Amino acid sequence: MPCRSICQAHVPAAPAHAADPGSMKPTEHHPQRPELVIGCVLLQTILVGDSGVGKTSLLVQFDQGKFIPGSFSATVGIGFTNKVVTVDNVKVKLQIWDTAGQERFRSVTHAYYRDAHALLLLYDITSKSSFDNIRAWLTEIHEYAQSDVVIMLLGNKVRGKCLRRTRSEGASEYSVPFMETSAKTGVNVELAFTAVAKELKHRAVQHPNEPKFQIHEYIEAQKEKSGCCSYF
Ligand SMILES: Nc1nc2c(ncn2[C@@H]2O[C@H](COP(=O)(O)OP(=O)(O)OP(=O)(O)O)[C@@H](O)[C@H]2O)c(=O)[nH]1
């Protein structure tokens with residue numbers, strides 16, 4: 001579960017350095033051929049967007065299948081959760097970073113953009129300002145992230161199954177794939193992350209020689225499920 005408290009007094013290594021490739025190698029305790037997982041250096045997905053749009057709630061819903069109303073104070077620094085998604089019989093391991101939406105943490109978040117394979121950019125469909133700020137978020141993403149980063153725009157906090165914009169309408173406004181979600185009810189949450197995993201897996205298969213898309217053998221027991229960092 002994403003952690004919002006101050007857990008470490010030091011600045012942690014960048015996400016790519018946090019991964020431990022050795023932890024994914026077969027050992028004598030796993031003599032049978034493991035399944036495949038894409039990404040020894042994990043496929044990193046970052047949740048960004050204004051404070052309060054529901055990034056942490058979305059991640060908790062995806063990871064634990066539950067919604068805890070009003071239980072999170074604003075994220076401090078950044079936290080991560082590892083989640084394995086199966087796409088076409090291939091395991092894709094996503095390391096999902098939950099960032100603080102508050103302006104004062106923006107420089108911290110930028111440091112993580114460079115290594116991101118995918119960015120989920122959230123706004124709150126009940127907050128016009130969070131929607132209007134999407135343009136500024138995209139400008140930052142284009143400035144700090146790799147040019148081939150996968151971007152998906154998510155309009156969070158839909159009520160029931162009543163979606164406000166169709167996928168094509170949302171996509172045409174900002175020229176990025178779009179989906180509406182509810183961290184509360186779970187609508188489209190799994191679908192959104194799976195769509196990202198699918199696209200990343202597709203790229204990994206297309207570019208098998210790219211270091212960032214290395215295919216490694218998959219071992220069920222992973223070292224760290226989640227963690228957090230702070231910068232004070
Ligand atoms: N009704 C409804 N409320 C939601 C939904 N998602 C999040 N919330 C609420 O919105 C508030 C903010 O959610 P958070 O997940 O903390 O938002 P955040 O984007 O992580 O905020 P920061 O950490 O400040 O960047 C909380 O009170 C949540 O309970 C949703 O899908 N529907």
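Residues numbered from 1 in each chain as written. Predicted model: local features only at pLDDT ≥ 70, side-chain atom pairs only at ≥ 80, totals over all residues. Heavy atoms only, no water.

Taking an unreviewed UniProt entry as the reference, the protein is identified by name as small monomeric GTPase belonging to Mastacembelus armatus. Check the Catalytic activity (unreviewed entry) section of the UniProt entry for the protein; it says "GTP + H2O = GDP + phosphate + H(+)". Recorded in UniProt under Cofactor (unreviewed entry), the annotation for the protein is "Mg(2+)". (UniProt positions renumbered as here; feature names shortened; annotations may be inferred.)

A tally of regular secondary structure across the protein gives seven helices and eight strands. In the protein, buried positions account for 49% of the 232 residues. Considering only intrachain contacts with a sequence separation of at least 6, the fraction spanning at least 24 residues in the protein is 75%. Of the roughly 11100 Å² of accessible surface on the protein, 52% is carried by carbon and sulfur atoms. (Helix = DSSP H or I, 4+ residues; strand = E, 2+ residues; numbered from the N terminus. Buried < 20%, exposed > 50% of the residue type's maximum accessible area, 1.4 Å probe, protein only. Contact = heavy atoms within 4.5 Å. Areas by Shrake-Rupley, 256 points an atom, 1.4 Å probe, with all protein chains shown as cover.)

By nearness alone, 23 residues border the ligand, and Ser 51, Lys 55, Ser 57, Thr 75 and Gly 101 come closest of all. A distance of 3.3 Å separates an oxygen atom of the ligand from a polar atom in the backbone of Val 53. Residue Ala 183 places a main-chain N or O atom 2.8 Å away from an oxygen atom belonging to the ligand. When the free accessible area of the ligand is taken as 660 Å², the share hidden by the protein chains comes to 84%. Broken down by element, the residue count for the shell around the ligand peaks at three residues, all from helix 2 (residues 55-64). For the shell around the ligand, the residue count by class is seven nonpolar, 11 polar and five charged. (Near = heavy atom within 4 Å. Polar contact = N/O pair within 3.5 Å; in protein donor to acceptor, adjacent residues only side chain to side chain. Nonpolar A, V, L, I, M, F, W, Y, C, P; charged D, E, K, R; others polar.)

So, about the side chain of Gln 61. Position of Gln 61 relative to the elements: it lies in helix 2. Residue Gln 61 is classed as buried on the basis of its relative accessible area, which comes to 11%. Here Gln 61 is in contact with Lys 66, Phe 67, Ala 183, Lys 184, Thr 185, Gly 186 and Val 189, once residues within four sequence places are set aside.

Take the pairing of strand 3 (residues 90-99) next. Burial within strand 3 is extensive, with 10 of its 10 residues counted as buried. The side-chain alternation of strand 3 yields two buried faces, one formed by Val 90, Val 92, Leu 94, Ile 96 and Asp 98 and the other by Lys 91, Lys 93, Gln 95, Trp 97 and Thr 99. Bridge analysis of strand 2 (residues 78-87) against strand 3 gives 10 bridges, and the strand direction is antiparallel. Note that in strand 3 the partner of Val 85 across the bridge is Val 92. (Pairing = 2+ DSSP bridges.)

Helix 2 sits mainly inside the fold: nine of its 10 residues count as buried. Looking at helix 2, one finds that the buried residues are Lys 55, Thr 56, Ser 57, Leu 58, Leu 59, Val 60, Gln 61, Phe 62 and Asp 63. Looking at the residues trailing helix 2, positive phi occurs at Gly 65, about 65 degrees.

Before going further, it helps to spend a moment on unusual backbone geometry. Positive phi outside glycine occurs at Lys 157, with the angle close to 75 degrees. Counting through the fold element by element, Lys 157 comes out in the loop between strand 5 (150-156) and helix 6 (167-174). Residue Lys 157 is classed as partly exposed on the basis of its relative accessible area, which comes to 35%. Despite not being glycine, Asn 188 has its phi angle at roughly 65 degrees, a positive value. Looking at where Asn 188 falls in the secondary structure, it is placed in the loop between strand 6 (178-180) and helix 7 (189-206). Judged by its relative accessible area of 22%, Asn 188 falls in the partly exposed class.

Let us look at the packing of helix 2 against helix 7. Orientation of helix 2 relative to helix 7, taken along the N-to-C sense of each, is 90 degrees, at an axis distance of 9 Å. Comparing the axis directions of helix 2 and helix 7 gives the class roughly perpendicular. Between helix 2 and helix 7, the contacting residues are Leu 58, Gln 61 and Phe 62 on the first element and Val 189, Glu 190 and Phe 193 on the second. (Axes fitted to C-alpha atoms, helices over the stretch in contact; angles between N-to-C directions. Parallel < 35°, antiparallel > 145°, perpendicular 65-115°, else oblique.)

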